[in-house]
Amino acid sequence: MSRTIVVTGAARGLGLEWVKQLTQDPQNLVIAVIRDPSKATQLQPHLGPRVVAIKADLGAFDSFPVVAEEISKAGGGKIDVLINNAGIMTGAGASFDQGISHSKPQEWDEQFRINVTAQVFFTLALLPLLSNSTEKKVVNLASMLGDIKYSEENPHLNFASYSVTKAGITMANLKFHNEFKERGFTFLALNPGWANTDLAGEGMGAYVSYSGASLRSKKRSDIC
């Protein structure tokens, strides 16, 4: 194995699908970063020589250096690709119908902490390991809900607080690109489209799940 890929939020949903698809390449070692490996029942059947689970609370920023050390040991001192997939959707942020006036401070704090701040500082903690790779790629999961034009054209889709966090991580992705592009890094804000996962909020079950192939393709019209 010559390629180390770290996926956060890999216990279920899109994160788990990343794991399944990426392990189809025998050259890939996938490190699944999850809150509690003992409860990751959907991930557990995939664990083995090419899929390693590492416990991490992405809301505990002070723990990131320790998590980075564990990732370094598992990945041979480097990371080729980091996929910041973990995210939460809560309160009015998970609602089609409830507008921003129905949101609460707590939901803003919780979502910003995981969807934006954690991704920024987890990436910073792993930059030394990414620097040891020739790829140096970081994927940040964005959303069409964080796109201003899309939101203007679809005013019936509220998801206010969640949408703002996705706009935030898109901007953070650009700031990373601006600072690190000359050092050979690639930062990609990837919108996977609306997938039928637990993070679909009130839309869960209303949309067809994407196949794993769509996660690996950049040619689908619904990925931007």
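Before reading further, recall that the structure is shown in the block above.
Residue numbers run consecutively from 1 along every chain, following the written order of its sequence. With pLDDT at 70 or above as the cut-off, local features in this predicted model cover only qualifying residues; side-chain atom pairs require 80 or more to be listed or tallied, and sums for whole chains, interfaces and linings still use all residues. With hydrogens and water excluded, all non-hydrogen atoms of the structure serve as input to the side-chain values.

1. Concerning the sheet that holds strand β6 (residues 186-190)
No. 1: DSSP bridges decide pairing: two strands pair if at least two such bridges lie between them. By the criteria applied, helices consist of DSSP H or I runs no shorter than four residues and strands consist of E runs no shorter than two, each listed in order from the N terminus. Read from one edge to the other, the open sheet built from 6 strands follows the order β3-β2-β1-β4-β5-β6, with strand pairing classed as parallel. Two strands in the sheet have a free side with no partner beyond their single neighbour: β3 (51-55) and β6. For this sheet, the mean angle separating the axes of adjacent strands, direction not counted, is 15°.
No. 2: As paired strands, strand β2 (residues 28-34) and β3 are joined by 5 bridges and run parallel to one another. For Val33, the partnering residue across the bridge sits in β3 and is Ile54.
No. 3: Relative to the sheet, helix α5 (residues 160-180) contacts β5 (137-141) and β6, its axis offset from that of β6 by approximately 165°. All axes are obtained by fitting lines to C-alpha atoms, using only the stretch in contact for helices, and the reported angles, taken between N-to-C directions, cover 0 to 180 degrees. Note on definitions: a residue-residue contact is assigned when non-hydrogen atoms from the two residues lie within 4.5 Å.

2. Focus on the packing of helix α3 (residues 105-131) against α5
No. 1: Between α3 and α5, the least distance of the axes is 8 Å, while the angle of their chain directions is 20°. As judged from the angle between their axes, α3 and α5 are roughly parallel. Classified by chirality, the crossing of α5 by α3 is right-handed. In this structure, α3 contributes Glu107, Trp108, Gln111, Phe112, Asn115, Val116, Gln119, Val120, Thr123, Leu124 and Leu127 to the contact, and α5 contributes Ala160, Ser161, Tyr162, Val164, Thr165, Lys166, Gly168, Ile169, Ala172, Phe176 and Phe180. The scheme is simple: roughly parallel for angles under 35 degrees, roughly antiparallel for over 145, roughly perpendicular for 65 to 115, oblique for anything else. Two helices crossing with the near one rotated counterclockwise from the far one by less than a right angle form a left-handed crossing, whereas a clockwise rotation gives a right-handed crossing.

3. Quick notes on the nonpolar core
No. 1: To qualify as a nonpolar core, a set must consist of buried Ala, Val, Leu, Ile, Met, Phe, Trp, Tyr and Cys residues joined through side-chain atoms within 4.5 Å. Burial classes follow relative accessibility: with a 1.4 Å probe on protein chains only, a residue under 20% of its type's maximum area counts as buried, one over 50% as exposed, and anything between as partly exposed. Among the nonpolar cores identified, the biggest contains 28 residues, and Ile71, Ile79, Leu82, Phe122 and Leu126 are the most heavily contacted of them.
No. 2: In terms of residues, this core owes the most to one element, α3, which gives 7 residues.
No. 3: Every residue in contact with Ile79, bar those within four places of it in the chain, is listed here: Thr4, Val6, Ile71, Leu126, Leu129, Leu130 and Ser133.
No. 4: By size, the runner-up hydrophobic cluster in this structure holds 18 residues, among which are Val19, Leu22, Val81 and Leu190.

4. Here's the deal with unusual backbone geometry
Note: most peptide bonds trans; most residues except glycine with negative phi.
No. 1: Of note in this structure, Lys136 is not a glycine but carries a positive phi near 55°.
No. 2: With respect to the helices and strands, Lys136 occurs in the loop between α3 and β5.
No. 3: The phi angle at Phe159 is positive, at roughly 45°, despite the residue not being glycine.
No. 4: A residue is classified by how much of its surface remains accessible, and Phe159, at 0% relative accessible area, is buried.

5. What to know about the side chain of Asn173
No. 1: Of note, Asn173 is situated in helix α5.
No. 2: Think of a polar contact as two N or O atoms within 3.5 Å of one another; within protein, one of them needs to be a possible hydrogen donor and the other a possible acceptor, and neighboring residues in sequence only count if both atoms come from side chains. Among the polar contacts made by the side chain of Asn173, one reaches the main-chain amide nitrogen of Ala189 at a distance of 3.5 Å.
No. 3: Those residues in contact with Asn173 that lie beyond four places of it in its chain are Asn140, Phe187, Leu188 and Ala189.

6. Some words on the pattern of salt bridges
No. 1: Counted as salt bridges are all cases of a side-chain nitrogen of Lys or Arg within 4 Å of a carboxyl oxygen of Asp or Glu. Overall, the coordinates contain 6 salt bridges when judged by the stated rule.
No. 2: Between Asp57 and Arg35 there is a salt bridge, with the nearest N and O atoms lying 3.6 Å from each other. One end of the pair, Asp57, is in the loop between β3 and α2 (64-75); the other, Arg35, is in the loop between β2 and β3, with 22 residues separating them in the sequence.
No. 3: When its relative accessible area of 31% is taken as the criterion, Asp57 is described as partly exposed.
No. 4: Classification of Arg35 by relative accessible area gives exposed; the value is 57%.

7. Looking at the packing of aromatic side chains
No. 1: Between the rings of Phe, Tyr and Trp (Trp by its six-membered ring), a pair exists once the centres lie within 6.5 Å; its type follows the angle of the planes, with under 30 degrees stacked, over 60 edge-to-face, and the other angles tilted. Evaluation of the coordinates by the stated rule reveals 10 aromatic pairs.
No. 2: Plain terms: the ring middles of Phe185 and Phe187 are 5.9 Å apart, the flat faces sit at 20° to each other, and that makes the pair stacked. Residues Phe185 and Phe187 agree in their burial class; the two are buried.
No. 3: Grouping aromatic residues by their ring pairs yields a cluster made of Phe61, Phe64, Phe121 and Phe122.

8. Brief notes about the pairing of β5
No. 1: Counting buried residues along β5, 4 of its 5 residues qualify, which places the element largely inside the surrounding structure.
No. 2: Convention used here: a crossover is right-handed provided that the path from the first strand, over the helix, to the second strand proceeds clockwise when the strands point away from the viewer. Between the parallel elements strand β4 (residues 81-84) and β5, the chain passes through α3 in a crossover that is right-handed.

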